[in-house]
Amino acid sequence: MSDSVVVAGAVCDGGRLLAARRSAPPELAGRWELPGGKQEPGESGEQALVRELREELGVEAEPRERIPGEWPLKPGLVLRVWTVRLVSGVPSPLEDHDELRWLTPDETDTVDWLDQDRPAVAEAVRRLREA
Ligand code: CDP
């Protein structure tokens, strides 16, 4: 059976990357992540990401490019990440998060990212610096 997938977005706007602080579960609360969630049956990764960012942040967003690679979360579950452009709305922490921060490339090390998000964050920051 193929792995289940969690999709997440490196949301970039004005040269900054959006970081979201998890409010649950207790073992992850306070750590920072790229917002996203589980891909549901019948959805593409991009569709799942658009839905998750709408639910969690209240924004319309457009997945741009998949960041190559996937990262294991636990047996049978992997993380995939896309760069994302904001189409409309201002992100607010509606679900799963209690704080959002827009970070410049030089600020991305100032928050405690989930370990599994770090490679994709590094790649997103590399692309931000080049843009
Ligand atoms: O909301 P939903 O149940 O769809 O997903 P979630 O609880 O936000 O994420 C499911 C799992 O993916 C959790 O164990 C998160 O820790 C993990 N995750 C992650 O490691 N990195 C992210 N950027 C997003 C989620």
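Residues numbered from 1 in each chain as written. Predicted model: local features only at pLDDT ≥ 70, side-chain atom pairs only at ≥ 80, totals over all residues. Heavy atoms only, no water.

(A) Seen up close, helix 1 (residues 45-57). Over its 13 residues, helix 1 extends 18 Å from the first C-alpha to the last, a length consistent with the 18 Å expected when each residue adds 1.5 Å. Just downstream of helix 1 lies G58, where phi reads positive at about 70°. (Helix = DSSP H or I, 4+ residues; strand = E, 2+ residues; numbered from the N terminus. Expected span 1.5 Å × (residues − 1).)

(B) Just the site of the ligand, in detail. Close to the ligand lie 16 residues; L28, L34, K38, Q116 and D117 are nearest. At a separation of 3.5 Å, an oxygen atom of the ligand approaches a polar backbone atom of G36. A distance of 3.4 Å separates an oxygen atom of the ligand from a polar atom in the side chain of E52. Protein contact buries 80% of the 520 Å² of open area that the ligand shows by itself. Within the residue set of the shell around the ligand, elements represented by two or more residues are strand 1 (4-13) and strand 4 (36-38). Here the shell around the ligand is built from residues that sort into seven nonpolar, three polar and six charged. (Near = heavy atom within 4 Å. Polar contact = N/O pair within 3.5 Å; in protein donor to acceptor, adjacent residues only side chain to side chain. Areas by Shrake-Rupley, 256 points an atom, 1.4 Å probe, with all protein chains shown as cover. Nonpolar A, V, L, I, M, F, W, Y, C, P; charged D, E, K, R; others polar.)

(C) Looking closely at the pattern of salt bridges. Here the structure, examined in full by the defined rule, presents 20 salt bridges. We note a salt bridge from E55 to R51, for which the minimum N-O separation is 3.4 Å. With E55 and R51 both in helix 1 and four residues apart, the pair spans about one turn of that helix. Note that E123 and R126 form a salt bridge whose closest N and O atoms lie 2.9 Å from each other. (Salt bridge = Lys/Arg side-chain N within 4 Å of Asp/Glu carboxyl O.)

(D) Representation of unusual backbone geometry within the structure. Between A24 and the following residue, P25, the backbone shows a cis peptide bond with an omega angle of -15°. Along the chain, the position of P25 falls in the loop between strand 2 (16-22) and strand 3 (32-33). For D96, which is not glycine, the phi dihedral falls at a positive 75°. Within the fold, D96 resides in the loop between strand 6 (77-88) and strand 7 (97-103).

(E) The side chain of E123, seen in detail. With respect to the secondary-structure elements, E123 resides in helix 2 (residues 118-130). Side-chain polar atoms of E123 contact the side chain of R127, separated by 2.7 Å.

(F) Geometry of the side chain of H97. Of note, H97 is situated in strand 7. Note on H97: relative accessible area 5%, which makes it buried. Sequence-distant contacts of H97, defined by excluding residues within four places in its chain, comprise A20, R21, R22, S23, E33, P35 and E56. (Buried < 20%, exposed > 50% of the residue type's maximum accessible area, 1.4 Å probe, protein only. Contact = heavy atoms within 4.5 Å.)

(G) Fine view of the packing of aromatic side chains. Under the definition given, this model contains zero aromatic pairs. Positioned over the ring face of W82 is R66, at 5.5 Å from the centre of the ring. (Phe/Tyr/Trp six-rings, centres within 6.5 Å; stacked < 30°, edge-to-face > 60°. Lys NZ or Arg CZ within 6 Å of the ring centre and 35° of its normal.)

(H) Molecular detail of the pairing of strand 5 (residues 60-74). Judged from the nine bridges that link them, strand 5 and strand 6 form a sheet pairing that is antiparallel. Residue pairing in the sheet places K74 in a bridge with L77 of strand 6. Remark: two residues form the turn of the hairpin made by strand 5 and strand 6, two consecutive strands paired antiparallel; G76 in that turn has positive phi of roughly 85°. (Pairing = 2+ DSSP bridges.)

(I) Broad picture of the nonpolar core. Core analysis: the largest hydrophobic core is formed by 20 residues, its most contacted members being L17, L34, V81 and W113. Residue assignment for this core shows that the elements contributing at least two residues are strand 1, strand 2, strand 5, strand 6 and helix 2. Considering each element in turn, this core owes the most residues, five residues, to helix 2. Other than its neighbours up to four places away in sequence, V81 contacts A8, A10, L34, E65, R66, I67, W71 and A120. (Core = buried A, V, L, I, M, F, W, Y, C linked by side-chain atoms within 4.5 Å.)

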